Amino acid sequence: QVQLVESGGGLVQPGGSLRLSCAASGNIFSISIMDWYRQAPGQQRELVASITSDGEKYYAGSVKGRFTISRDNAKNTVDLQMNSLKPEDTAVYYCYATVQAMGVTTWDGYWGQGTQVTVSS
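Since the model is a prediction, treat every value here as computed from it, not as a measurement. (Residues numbered from 1 in each chain as written. Predicted model: local features only at pLDDT ≥ 70, side-chain atom pairs only at ≥ 80, totals over all residues. Heavy atoms only, no water.)

Draft legend 1. Representation of the pattern of salt bridges within the structure. A full pass over the atoms with the stated rule returns four salt bridges. The salt bridge involving Asp79 is made with Arg19; its shortest N-O contact spans 3.2 Å. You can see Asp79 sitting in strand E8 (residues 77-82) and its partner Arg19 sitting in strand E3 (residues 18-26), a full 60 residues away along the chain. When its relative accessible area of 17% is taken as the criterion, Asp79 is described as buried. Note that Glu46 is salt-bridged to Arg38, the shortest N-O span being 2.7 Å. Note on Glu46: relative accessible area 33%, which makes it partly exposed. Taking the relative accessible area as the measure of exposure, Arg38 reaches 6% and is therefore buried. (Salt bridge = Lys/Arg side-chain N within 4 Å of Asp/Glu carboxyl O. Helix = DSSP H or I, 4+ residues; strand = E, 2+ residues; numbered from the N terminus. Buried < 20%, exposed > 50% of the residue type's maximum accessible area, 1.4 Å probe, protein only.)

Structure, rendered in structure tokens:
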């Protein structure tokens, strides 16, 4: 079993900052890619940012230059620093990890439970 637990969401004014964290735990041998997704009400879940185990990063165009993804491979954690937040960033943010569990050769994807981010004055 693998669990992902997010933290750090909340209410912030436009232009403010938040830092989200996600910790993976359980029967983990290796984690390849770690992602942050978000889903606003009535909209599809979308990829916000990704980071590989080698540190290569991807950002959606809507957040590039404002958000920064980072990870600690030793701790199996991934963070998302969000600056210059806009009302359109309001969504539930989910952590996703592609994991190889102990004793298996396959890779499986796991979701966190989500954390609410609300940007409003």
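Draft legend 2. How the structure looks around the environment of Ala40. Residue placement: Ala40 occurs in the loop between strand E4 (28-39) and strand E5 (46-51). Overall, the relative accessible area of 18% leaves Ala40 in the buried class. Expressed as a C-alpha distance, the spacing of Ala40 and Gly109, which sit 69 residues apart in the sequence, is 21 Å. Contact partners of Ala40, with chain neighbours within four places excluded, come to Thr90 and Ala91. (Contact = heavy atoms within 4.5 Å.)

Draft legend 3. Inspection of the pairing of strand E10 (residues 108-111) at higher detail. Here strand E9 (residues 91-101) runs beside E10; their pairing, made up of four bridges, is antiparallel. The residue of E10 that forms the bridge with Thr98 is Gly109. Counting the residues in the hairpin turn of E9 and E10 gives six residues, including Gly103, whose phi is positive at 85°. (Pairing = 2+ DSSP bridges.)

Draft legend 4. View of the environment of Trp107. Tracing the chain through its elements places Trp107 in the loop between E9 and E10. Taking relative accessible area as the criterion, Trp107 reaches 40% and is therefore assigned partly exposed. Residue contacts for Trp107: discarding those within four places in its chain leaves Ser30, Ile31, Ser32, Thr98, Val99 and Gln100.

Draft legend 5. Molecular detail of the state of the cysteines. One pass over the full model with this rule turns up one disulfide. Sulfur-sulfur distance for the disulfide between Cys22 and Cys95 comes to 2.2 Å. The sign of the S-S torsion, about -80°, decides the handedness of the disulfide formed by Cys22 and Cys95: left-handed. A residue pair is termed long-range when its members are at least 10 positions apart, and Cys22 in strand E3 and Cys95 in strand E9 qualify at 73 residues. (Disulfide = S-S within 2.5 Å.)

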